[in-house]
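Observations on chain architecture
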Amino acid sequence: MGLDVNDLALKVEELTRADETIKAELRQLQLEIDQLEQRTKIVSQTEGFADTPTP
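In what follows, the accompanying structure is described. Within any chain, residue numbers begin from 1 and follow the written order of that chain's sequence. The predicted origin of the model limits local features to residues at a pLDDT of at least 70 and limits the giving and counting of side-chain atom pairs to 80 or more, whereas totals for whole chains, interfaces and linings rest on all residues. Excluding hydrogens and water, the side-chain figures rest on all heavy atoms present in the structure.

A look at the overall build of the protein chain
Numbered from the N terminus, helices here are DSSP runs of H or I no shorter than four residues, and strands are runs of E no shorter than two. Of the regular secondary structure elements, the protein chain holds one helix and zero strands. Relative to its 55 residues, the protein chain shows a buried fraction of 0%. Carbon and sulfur atoms make up 61% of the accessible area of the protein chain, which totals about 5,400 Å². A simple rule labels every residue: compare its accessible area, found with a 1.4 Å probe on the protein chains alone, to the largest value its type can have, and call it buried under 20%, exposed over 50%, or partly exposed in between. Where accessible areas are quoted, they stem from the Shrake-Rupley method and a 1.4 Å probe; at the residue level, only the protein chains shown are allowed to cover.

Have a look at this one:
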C-alpha cells in the first residue's frame, strides 16, 4: 500500500486553506474581543461618573 503523492499534495493544500481560514476567524474574533473590552471600559468609566453625587 503506497501513498499517492498527488493525494498528499491535495490534502496539504486543503489543510493549508483550512489553517488560513481558522487564522482569519481568530483574527476577527480577537478584533471583536478588543472592541468589547473597549466598550466595557467606556461603560465602566461612564458608570463611575454617574455614581458621583451632583452638588
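Don't stop here, the text continues.
Digging into the pattern of salt bridges
By definition, a salt bridge exists where a carboxyl oxygen of Asp or Glu is found within 4 Å of a side-chain nitrogen of Lys or Arg. Taken as a whole and assessed by the stated rule, the structure comprises two salt bridges. In this structure, the salt-bridge partner of K11 is E14, at a minimum N-O distance of 3.7 Å. Linking K11 with E14, this pair stays in helix α1 (residues 5-50), spanning three residues, or about one helical turn. Owing to a relative accessible area of 44%, K11 belongs among the partly exposed residues under this scheme. Note that K23 and D19 form a salt bridge whose closest N and O atoms lie 3.1 Å from each other. Taken as a pair, K23 and D19 lie in helix α1 at a separation of four residues, close to a single helical turn. The exposure class assigned to K23 is partly exposed, which follows from its relative accessible area of 36%.

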